[in-house]
Each structure stands twice: as structure tokens, then as C-alpha cells.
Amino acid sequence: TWFNNMYGEYDIFAAASFDGGASFTEPAIVNDSLRGSSWSGWPVVSIVNGAALIVWEDLRDGAVDLYAATS
């Protein structure tokens, strides 16, 4: 997971590898409903019960809050 400003403000992206890093899925925007409209950054990923959990900082409400998404 990483953050990138290709659509304006920074968004959170993620991709997965199922072959030890030899190839990756197409990048997906984790916070897609807000694409390019609000700063999002510093994502952290963890695996919880077999699902990917991504937590990041987000300024969508004018203050830094933590948001999360799972796969």
C-alpha cells in the first residue's frame, strides 16, 4: 500500500501479490469514494484473520483522523 497524488490530493492505493512478489494485481484506490478530493496518507497494512487491513491518516473532515478498510 502507498499514497499518490495522481488524481489531485493524495489517495491510498493497494496491490496484492500471490506469487511471492513476482507480479502484482492492478493498483486499487482504497478511499475511492473521495478520489482526489481530500489528503490521505501514511497507510499501514496488516493481515488480520486472512484479510488485509489498511489504516491511514485522512483530512476529509478538516482534521487528521484515522480511517480503515479491509479486503
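See above for the structure.
Residues numbered from 1 in each chain as written. Predicted model: local features only at pLDDT ≥ 70, side-chain atom pairs only at ≥ 80, totals over all residues. Heavy atoms only, no water.

Participant: If you had to explain the overall build of the protein chain to someone new, which residues and values would you point to?
Facilitator: Within the protein chain, the regular secondary structure consists of zero helices and six strands. A globule of 71 residues ought to have a C-alpha radius of gyration of about 11 Å, and the protein chain, at 12 Å, matches this closely. Its C-alpha atoms put the protein chain at 40 × 25 × 15 Å along the principal axes. At a minimum sequence separation of 6, the contacts of the protein chain that also span at least 24 residues come to 28%. Counting only carbon and sulfur atoms, one obtains 55% of the accessible surface of the protein chain, whose full area is about 4600 Å². (Helix = DSSP H or I, 4+ residues; strand = E, 2+ residues; numbered from the N terminus. Rg over C-alpha atoms; globule rule 2.2 N^0.38 Å. Contact = heavy atoms within 4.5 Å. Areas by Shrake-Rupley, 256 points an atom, 1.4 Å probe, with all protein chains shown as cover.)

Participant: With reference to specific residues and values, describe the environment of Val30.
Facilitator: Within the element layout of this structure, Val30 appears in the loop between strand S3 (28-29) and strand S4 (40-48). Considering only alpha carbons, one finds Val30 and Ala14, 16 residues apart in sequence, at a separation of 6.7 Å. Residue contacts for Val30: discarding those within four places in its chain leaves Ile12, Phe13, Ala14, Ile54, Trp56 and Ala69.

Participant: Quick rundown of the sheet that holds strand S5 (residues 51-58)? Include the residues and the values.
Facilitator: Read across the open sheet, the three strands follow the order S4-S5-S6; overall the sheet is antiparallel. A single partner strand is all that each edge strand has here, and the edge strands are S4 and strand S6 (65-70). Between one strand axis and the next, the sheet turns by 20 degrees as a mean value, whatever way the strands run. Pairing analysis gives six bridges linking S5 to S6, with the strands arranged antiparallel. Bridge pairing in S6 places Leu53 opposite Thr70. (Pairing = 2+ DSSP bridges. Axes fitted to C-alpha atoms, helices over the stretch in contact; angles between N-to-C directions.)

Participant: Quick one: what's the story with the pairing of S6, residue by residue and with numbers?
Facilitator: Consecutive side chains along a regular strand alternate between the two faces of the sheet. Summarising burial for S6: zero of the six residues are buried, a small minority. Here S5 folds back onto S6 in antiparallel fashion, the turn holding six residues, of which Gly62 has a positive phi close to 90 degrees. (Buried < 20%, exposed > 50% of the residue type's maximum accessible area, 1.4 Å probe, protein only.)

Participant: Explain unusual backbone geometry residue by residue, including any values.
Facilitator: In this model, Trp42 sits at a positive phi of 55 degrees, which is unusual for a non-glycine residue. On the basis of relative accessibility, which here comes to 56%, the residue Trp42 falls in the exposed class. A positive phi angle is found at Asn49, which is not glycine, with a value near 55 degrees. By the element assignment, Asn49 lies in the loop between S4 and S5.

Read these as spatial facts, not as claims about activity.
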